[in-house]
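# Chains, contacts and geometry: an overview
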Amino acid sequence: MWSIVDSWPALTLRDLCAKGRCDIKTGPFGTMLKAAEYVSEGVPLISTGEIGHGEFRISSSTPRVGEATLERLPQFRLREGDVVFARKGGVERNCYVSSTEDGWFLGSDALRIRVGEDVCGRFLAYHVASPFIRRWLVQQAGGSTMASLNQEILERIPVSLPPSDEQRRIADVLGAFDDLIRTDRRLAEQLDALRRTWVSGALAASSVTTSLNEVASFVNGRNFTNGADGTGRPVIRTPEVRSGPGGNTVWSSVAVADDGRIARVGDILFVWSGSLMVNRWIYTDGLVNQHVFKVIPNQVPDWYVFALIEAQLPWFVSLAKDKATTMGHIQRANLDVPMTGLNPDTIARLGPAIEPIWSAALELRLEAQELARQRDELLPLLMSGRVRVSEVEGVA
């Protein structure tokens, strides 16, 4: 059973709904909301694509709705304390609505849970984000083509509710970890932005010509998914380059020579096919799969090579888009195309300023990753009552 504490009643969300302690709603269906109502300036419309694992993913492509829609359909306006679920595909993904997202709009591919005053929404959010409930959701939502959730499935979610003050204390402990994780990631992004500003300014003033193949070696990965046995090292494909190993990651214990296809902490990885991107690897040693380059600088700083790839990325993306019959990609010859670079004196002059923030950004991301690991380890222990809040307060 989920809880080992006898005094925590075992319920379902349906039980809570029947007592008016919980309400579940699906986003607007069919013609209730038309794409013609989307606006450029407004609040984000939250559907499957905007819901990550505990974090909203808002981008320039996120649809938005304006005041007229919010007034016409107020029942779909999100409030602080709600928990939002992806309705299709990644059904195990859900997010807690904080004060930042208060007032955003529930899209048709999402569901939300709203709790009463005696249930802590953030506690419920951590409960449904636990490995036990995530696995349960995936099992319940199995479809012939794509997993999908509905209100009936959410109503059957099992939950053991401690007293409300205990719920809030558990949520506060786990929330402290999340607050630190967000702070580390935000600082890392700010350091990255500062680095980009300095390097792009230097490149704008430079008359030096170089190419990516001149400053680094680009080692293409291999198809490590074939014969993968579920143990050993993670196979690094596009999703892993974007956000690290996850539930869909393939693992392989295949023996590999250290010929550039093993990625270690700090290595630069460049996805050259599909969703093109460049990132630094911050996880356990992994196997670089096909369609991913491990980038090895040729006696120049890592930050310089990374900056040049970032500078070329918009052009690479446009090239891949033009060639997209099945999956857009660039060609190795594109790495030889001349581009603006920096002379050795400028690189040496910038180094003392950029090296510290380049290293600090990596350390912050590693710290955030370690905090996330500790939170995930603690979450099921607190939720089941195996560890009580009094035993861990002050850890984060």
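Now for a look at the structure at hand. Since this is a predicted model, take the numbers as computed values, not measurements. (Residues numbered from 1 in each chain as written. Predicted model: local features only at pLDDT ≥ 70, side-chain atom pairs only at ≥ 80, totals over all residues. Heavy atoms only, no water.)

### What to know about the packing of helix α6 (residues 164-204) against helix α9 (residues 302-322)
Each pair of packed helices can be described by the angle between their axes along with the distance between the axes. In the contact formed by α6 and α9, the axes pass within 11 Å of each other and the chain directions differ by 75 degrees. With respect to α9, the axis of α6 lies roughly perpendicular. Contacts between α6 and α9 involve Arg195, Arg196, Val199 and Leu203 on the former and, on the latter, Trp303, Phe306, Ala307, Leu308 and Glu310. Among the residues forming the contact of α6 with α9, the class breakdown is 6 nonpolar, no polar and 3 charged. (Axes fitted to C-alpha atoms, helices over the stretch in contact; angles between N-to-C directions. Helix = DSSP H or I, 4+ residues; strand = E, 2+ residues; numbered from the N terminus. Parallel < 35°, antiparallel > 145°, perpendicular 65-115°, else oblique. Contact = heavy atoms within 4.5 Å. Nonpolar A, V, L, I, M, F, W, Y, C, P; charged D, E, K, R; others polar.)

### A few points about the state of the cysteines
Following the criterion strictly, the structure yields 0 disulfides and no others. With no disulfide of its own, cysteine 17 lies closest to cysteine 22 among cysteine sulfurs, the gap being 3.6 Å. Owing to a relative accessible area of 23%, cysteine 17 belongs among the partly exposed residues under this scheme. In this model cysteine 120 remains outside any disulfide bridge; the closest cysteine sulfur is found in cysteine 22, 13 Å from its own. Assessed through its relative accessible area of 11%, cysteine 120 is described here as buried. (Disulfide = S-S within 2.5 Å. Buried < 20%, exposed > 50% of the residue type's maximum accessible area, 1.4 Å probe, protein only.)

### A few points about α9
Here α9 is 21 residues long and its end C-alpha atoms lie 30 Å apart, about the 30 Å a rise of 1.5 Å per residue gives. If you look at α9, its biggest bend is around 45 degrees, right at leucine 313, and the proline proline 314 turns up within four residues after that. (Expected span 1.5 Å × (residues − 1). Bend = angle between axes of the 7 residues up to and from the residue.)

### Describing the sheet that holds strand β3 (residues 38-46)
Taking strand neighbours across the sheet as the criterion, the 3 strands line up as β4-β3-β7 in an open arrangement whose pairing is mixed. Among the strands making up the open sheet, the edge pair consists of β4 (64-65) and β7 (105-106). (Pairing = 2+ DSSP bridges.)

### What to know about the nonpolar core
Counting 45 residues, the largest nonpolar core has Leu13, Phe85, Ile113, Leu149, Leu154 and Ile157 as its most contacted members. Broken down by element, this core gets its largest block of residues, 7 residues, from helix α10 (residues 344-384). Setting aside residues no more than four positions away along its own chain, isoleucine 157 makes contact with Leu11, Thr12, Leu13, Phe85, His127, Val128, Ile133, Trp136 and Leu137. Among the nonpolar cores identified, the runner-up in size contains 33 residues, and Val215, Tyr304, Met339 and Ile347 belong to it. (Core = buried A, V, L, I, M, F, W, Y, C linked by side-chain atoms within 4.5 Å.)

### Observations concerning unusual backbone geometry
Not every positive phi belongs to a glycine, and histidine 291 is a case in point at roughly 75 degrees. Of note, histidine 291 is situated in the loop between β17 (286-288) and β18 (292-297). Positive phi, close to 60 degrees, is recorded for glutamine 299, a residue that is not glycine. You can call glutamine 299 exposed: its relative accessible area is 83%.

### Focus: the packing of α9 against α10
α10 packs onto α9 with a crossing angle of 90 degrees between their chain directions and a minimal axis gap of 9 Å. Comparing the axis directions of α9 and α10 gives the class roughly perpendicular. Where α9 approaches α10, its residues Asp302, Trp303, Tyr304 and Phe306 are matched on the opposing element by Ile347, Leu350, Gly351, Ile354, Glu355 and Trp358. Taken together, the residues of the contact of α9 with α10 break down into 7 nonpolar, 1 polar and 2 charged.

### Overview of the pattern of salt bridges
Within this structure, the stated rule accounts for 27 salt bridges. In this structure, lysine 294 engages aspartate 267 in a salt bridge whose closest nitrogen and oxygen atoms are separated by 3.3 Å. Here lysine 294, found in strand β18, pairs with aspartate 267, found in the loop between β14 (262-263) and β15 (268-271); they are 27 residues apart in sequence, far enough to count as distant. Arginine 373 is the salt-bridge partner of glutamate 377, the closest N and O atoms lying 3.2 Å from each other. On the criterion of helical spacing, the pair formed by glutamate 377 and arginine 373 is a turn pair, its members being 4 residues apart in helix α10. Salt bridges sharing partners connect three or more residues here, namely Asp192, Arg195, Arg196, Glu310 and Arg365. (Salt bridge = Lys/Arg side-chain N within 4 Å of Asp/Glu carboxyl O.)

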